[in-house]
Amino acid sequence: MALNTVSSDRLSTNVKNTNFTAAEKQDLTDDILPLAGQLGNRNLIINGAMQVAQRGTASTANGYHSVDRFQVNFDSGLTEAPTQAQVDIASGTTPYTLGFKKALKITNGNQTSGAGAADFLEFYQYLEDQDISNSGWNFKSSSSYITISYWVKSSVAQKFTGFFYTNQAGAGDSYMYSYQIDNGSGGNLTADTWTKITHSIPGNSNLTFNNDNTRGLAVGFYMFEGTDYSTSSHTENTWAAWNSSNKIKDMTSTWYTTNDATFEITGAQLEVSDHATDFEHRSFAVEKRLCQRYYEQYDHNDTYWLCSGVYNASTEAVFPSDYQTEKRDAPTITMPPGSNIILMRPNTSNAAGGTMSALNIKTRKCAFKSTSNPSSSSGGYATTISLYNSG
């Protein structure tokens, strides 16, 4: 089959004959890609399209329990816990037509008894210091910007709050920045309507990001914060020293006191630029690997051959194991029940995993130890550990 080609002469002639003004050229390039900086790998947010949910698709628990890299936090004294979930975006809608198929959805519990001063419901993604330090953002300059963009939908017509804060190793929470999540003109979001939010944040001479793997920049979204954390005089759109009792401007509680109110978000992107560019879509495989720097799991819904090891005693087997991805730091490892683990050794009966534990935990690998033995023989025998679904 012939391959059709376009000559560079014809292509360059067509460009030369198109008479755009300088402003029109800028508009065109702004709509396509940034002219400077990174053309790829520019989104500092991981899993911004909400594709990956290793732990499960829905939960009423505090913390990381649905969409990877987004931690949902709420006051433990709420009347009813909210639900965090990975959900499908309806086909034919925007942002579905832009390639977004999943969203993070927060469904409020029943707080109709009223909003307490200490109540809060929020979610965050935490970015490493080194990812900000090496991003290309001149974060100490007020003329250098990062821009956040995302799509949101609320079942209640109101404004919400976006929030950033820095966390300097050894100094704790340091500086903060808040802005309004609104309809783009300062008004309420339209209920049940997807709206694209964009906001540019300047650098500040007080900011510090170290070139290490500690928490650097927190990117937050607030459904509600009580008056213990807000004031009517709070100044938005500027960096200020951390103050836990004056983080944001007072918020309306309409959404929060509406039973089963919902808030959805997708297409979250943070980039070094003074304007938002089109979302950088990454493959599921790439996005999952980025998430696995912080969390991975072995699914025992089906048989999974985990690793091989050796008995060093009649009732103790050790299995060295590499993670799928190097971790940010030495992780906490949670073992499945012994009934979900089989130890297998050639020419002998299998045995349940018994008491399992992890040891020598590093950023790249660890070892598993079992106190069970398929036979009563002494050490020196090879064996394999397998995870399976116990039904």
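Structural notes, computed from the coordinates. Quick caveat, the model's predicted, so the values are computed rather than measured.

We now examine the overall build of the protein. When you go through the protein residue by residue, the secondary structure sums to 4 helices and 21 strands. In the protein, 75% of the contacts between residues at least 6 apart in sequence involve partners at least 24 apart. Summed over all atoms, the accessible surface of the protein reaches about 18,800 Å², with 47% contributed by carbon and sulfur.

Once that is clear, we can look at the side chain of K247. If you trace the backbone, K247 turns up in the loop between β12 (240-241) and β13 (248-249). Residues within four places of K247 in sequence aside, it is in contact with E122, Y124, F163, M176, S178, Y222, E225, Y229, H234 and W242.

With that settled, consider the pairing of strand β3 (residues 83-88). Taken together, the 2 bridges between strand β1 (residues 58-59) and β3 define a ladder with antiparallel strand orientation. Paired with A58 across the bridge in β3 is A85. As paired elements, β3 and strand β4 (residues 102-107) share 6 bridges and run antiparallel to each other. By the bridge assignment, Q86 is partnered in β4 with L104.

Glancing now at the sheet that holds β4. Overall, antiparallel pairing links the 6 strands, which are arranged β1-β3-β4-β14-β6-β9 in an open sheet. The open sheet is flanked by β1 and β9 (195-202), the only strands paired with a single partner.

In total, this model carries 10 salt bridges according to the counting rule given. Residue K247 is joined to E225 by a salt bridge in which the shortest nitrogen-to-oxygen separation is 3.6 Å. Taken together, the residues span a long stretch of sequence, with K247 in the loop between β12 and β13 and E225 in strand β10 (residues 215-225) at a distance of 22 residues. Just as K247 is buried, E225 falls in that class too. Taking the shortest distance from any N to any O, the salt bridge between E287 and R282 comes out at 3.1 Å. For the residue pair E287 and R282, the accessibility class agrees, reading buried in each case.

With that out of the way, let us pick up the packing of aromatic side chains. What describes a pair of aromatic rings is the distance from one ring centre to the other and the angle between the planes of the rings. Within this structure, the stated rule accounts for 22 aromatic pairs. Between F139 and F209, the ring centres sit 5.0 Å apart and the planes meet at 85 degrees, which makes this aromatic pair edge-to-face. One end of the pair, F139, is in the loop between α3 (129-133) and β6 (145-154); the other, F209, is in the loop between β9 and β10, and 70 residues separate them in sequence. With relative accessibility at 13%, the residue F139 sits in the buried group. For F209, a relative accessible area of 5% gives the class buried. Directly above the ring of Y294 sits R69, whose terminal nitrogen or CZ lies 3.7 Å from the centroid.

Strand order in the open sheet made by the 6 strands is β2-β5-β10-β7-β8-β12, with antiparallel pairing throughout. Edge positions in the open sheet fall to β2 (71-74) and β12, since each of these has one partner strand only. As defined by bridge partners, β2 adjoins strand β5 (residues 120-128) across 4 bridges and the pair is classed as antiparallel. What sits directly across from Q71, in β5, is Y124.

In terms of nonpolar packing, the biggest core is built from 53 residues, with F123, Y150, F164, F221, W255 and L270 touching the most fellow members. Broken down by element, this core gets its largest block of residues, 7 residues, from β10. Contact partners of F123, with chain neighbours within four places excluded, come to F70, Q71, V72, L104, I106, V219, G220, F221, M223, F263 and I265. Residues L306, C307, A317 and M356 belong to the second largest nonpolar core, which totals 11 residues.

Let us now look at the environment of Y96. Among the secondary structure elements, Y96 is positioned in the loop between β3 and β4. Owing to a relative accessible area of 26%, Y96 belongs among the partly exposed residues under this scheme. Spatially, the C-alpha atoms of Y96 and T266 are 9.9 Å apart, while their sequence positions differ by 170 residues. Apart from the residues lying within four places of it in its own chain, the contact partners of Y96 are I89, A90, S91 and K101.

Right, let's talk about the pairing of β4 for a bit. Across 4 bridges, the pairing between β4 and strand β14 (residues 262-272) is antiparallel. Within the sheet, the bridge partner assigned to L104 lies in β14 and is I265.

Each value, and the rule that gives it
Residues numbered from 1 in each chain as written. Predicted model: local features only at pLDDT ≥ 70, side-chain atom pairs only at ≥ 80, totals over all residues. Heavy atoms only, no water. Helix = DSSP H or I, 4+ residues; strand = E, 2+ residues; numbered from the N terminus. Contact = heavy atoms within 4.5 Å. Areas by Shrake-Rupley, 256 points an atom, 1.4 Å probe, with all protein chains shown as cover. Pairing = 2+ DSSP bridges. Salt bridge = Lys/Arg side-chain N within 4 Å of Asp/Glu carboxyl O. Buried < 20%, exposed > 50% of the residue type's maximum accessible area, 1.4 Å probe, protein only. Phe/Tyr/Trp six-rings, centres within 6.5 Å; stacked < 30°, edge-to-face > 60°. Lys NZ or Arg CZ within 6 Å of the ring centre and 35° of its normal. Core = buried A, V, L, I, M, F, W, Y, C linked by side-chain atoms within 4.5 Å.

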